[in-house]
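Next come the chains, spelled out residue by residue.
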Amino acid sequence: MLPRFICIMVLALWFRPAQCASLSPVVRGEHNVVVNGVRLWYKVAGSGQPGEAPLVYLHGGPGYNSYSFEKTIGQRLERHVQIIYLDERGSGRSERPWGGDYTLSSFVEDLEGLRSSLGLSQISIMGHSFGGTIALEYAARYPSHVQKLIIVDGAADLPAAFGVWRQEIEQRYPQEWAAALKSAAGAQMLAAEKGSDACAVAKPEFNVEMSVLQKVDSNEFHHWQQFHDQRFEKEQEALDASSGLKNTGEIGRIYFDSTSQFPCYRFAQASKLTMPTLVIAGKYDGAIGVEQMRALAASVNGSQFDEFDQSGHFPYAEEPSKFEHDVLAFLAQR
């Protein structure tokens, strides 16, 4: 059998990952595997119960990484569950695709390629924020490969999320908002609001919001979006600094530029989610919005909705004991 590093070299040259699938066993530690022509970093930690599929964690961003989750709640969950931390393409310790391919379909196929390379018939998935989008799309495309699904403040309805942003921006920065409405994007948004096309509203609405945030302390706004208790924002900053990993913004620019349709994204395949599903939401999440998560749970037959009443966008950081208890209880259900 070829050593793993030779296999990776062969994959990088030939772009034929199926030849080396057997060289990526589910063993503890850090690993790299080439999937769909991109080198992906992942780490296996902890151990699960017989019959329990490994839990793959998908981080947000887009373009963030799995480090802070692993170093906080991940280490607690590992005592009971086998976790696979995956840095998505172009994120964290994984490779940026040479051709700049960041389509949502490619993120989904990366996860499928990882599952296949590990020889797993099923995985469970936990997706946070943008990782929630990937998790939902994967579960809808490959329902038989998903044992259980957990969505944590996932981006399931972008127009609804921008509505949450707008309400807060209007309240915090009324003068800047009024001025932005006089811009071309503002006029386009106001005109679109006379119709019923949510996508037609979402794109100029996002542009108006961004124009306001460029004129104010946007960091303050984003901190409010993400954390109910700002002490946890400081902890997150410290973890990000210690990781040495940076979000280059490359994926975000692609997903939110003027030609992208992602601001219009709404998950529309709830009927395909046949696996047990848990939807977790922070009551004070200003990035996604708790009502969006409540609506997602209501659309998925038999799903469970779990609200964290002392959390923003990172409930696992702000209420770790509840998060650990509720996730483990859900995974233990048979």
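Conventions used here
Residues numbered from 1 in each chain as written. Predicted model: local features only at pLDDT ≥ 70, side-chain atom pairs only at ≥ 80, totals over all residues. Heavy atoms only, no water. Helix = DSSP H or I, 4+ residues; strand = E, 2+ residues; numbered from the N terminus. Rg over C-alpha atoms; globule rule 2.2 N^0.38 Å. Buried < 20%, exposed > 50% of the residue type's maximum accessible area, 1.4 Å probe, protein only. Pairing = 2+ DSSP bridges. Right-handed = clockwise from strand over helix to strand, strands pointing away. Axes fitted to C-alpha atoms, helices over the stretch in contact; angles between N-to-C directions. Parallel < 35°, antiparallel > 145°, perpendicular 65-115°, else oblique. Left-handed = near helix turned anticlockwise from the far one by under 90°. Contact = heavy atoms within 4.5 Å. Nonpolar A, V, L, I, M, F, W, Y, C, P; charged D, E, K, R; others polar. Polar contact = N/O pair within 3.5 Å; in protein donor to acceptor, adjacent residues only side chain to side chain.

Undergrad: Would you take a moment to explain the overall build of the protein for this structure?
TA: When helices and strands are counted, the protein shows 14 helices and eight strands. Over its C-alpha atoms the protein spans a radius of gyration of 20 Å, differing by no more than 12% from the 20 Å that the globule rule assigns to 334 residues. With respect to the principal axes defined by its C-alpha atoms, the protein has extents near 65 × 45 × 40 Å. When burial is assessed residue by residue, the protein has 55% of its 334 residues classed as buried.

Undergrad: In this structure, what is going on with the pairing of strand S4 (residues 83-87)? I would like to understand it.
TA: For a regular strand, side chains alternate in direction, first toward one face of the sheet and then toward the other. In terms of burial, S4 is largely enclosed, as five of its five residues are buried. The alternating pattern of S4 places Ile-83, Tyr-85 and Asp-87 on one face and Ile-84 and Leu-86 on the opposite face, and all of these are buried. The pairing of strand S2 (residues 38-45) with S4 spans five bridges and is classified as antiparallel. Across the sheet, Ala-45 pairs through a bridge with Ile-83, a residue of S4. Here four bridges tie strand S3 (residues 55-58) to S4, and the two strands are oriented parallel to one another. Looking across to S4, one finds that Tyr-57 is bridged to Tyr-85. At this point the chain moves from S3, through helix H2 (residues 67-77), to the parallel S4, and the crossover so formed is right-handed.

Undergrad: What's the story with the packing of H2 against helix H14 (residues 320-332) in this structure? I'm lost.
TA: For any two helices packed against each other, the geometry comes down to the angle between their axes and how far apart the axes lie. Contact geometry for H2 and H14: axes closest at 9 Å, N-to-C directions at 50°. In terms of orientation, H2 lies oblique with respect to H14. Crossing angle aside, the handedness with which H2 passes H14 is right-handed. Touching Phe-69, Ile-73, Arg-76 and Leu-77 of H2 are Pro-320, Ser-321, Phe-323, Glu-324, Val-327 and Leu-328, all from H14. Taken together, the residues of the contact of H2 with H14 break down into seven nonpolar, one polar and two charged.

Undergrad: What exactly am I supposed to notice about helix H9 (residues 218-226) here?
TA: At 3.6 residues per turn, the α-helix brings residues three or four places apart onto the same side. If you check which residues of H9 are buried, you get Phe-221, His-223 and Gln-225. Structurally, H9 contributes buried residues whose contacts are with helix H5 (158-172), helix H8 (198-213) and helix H10 (230-243). Its side-chain oxygen placed 3.2 Å from the backbone nitrogen of Asn-219, Asp-217 serves as the N-cap of H9.

Undergrad: Explain the side chain of Ser-311 to me, please; I cannot follow it from the model alone.
TA: Here Ser-311 shows up in the loop between strand S8 (304-308) and helix H13 (315-318). Note on Ser-311: relative accessible area 0%, which makes it buried. Engagement of the side chain of Ser-311 in a polar contact is seen with the side chain of Glu-319, the distance being 2.7 Å. Apart from the residues lying within four places of it in its own chain, the contact partners of Ser-311 are His-228, Gly-282, Lys-283, Tyr-284, Asp-285, Glu-318 and Glu-319.

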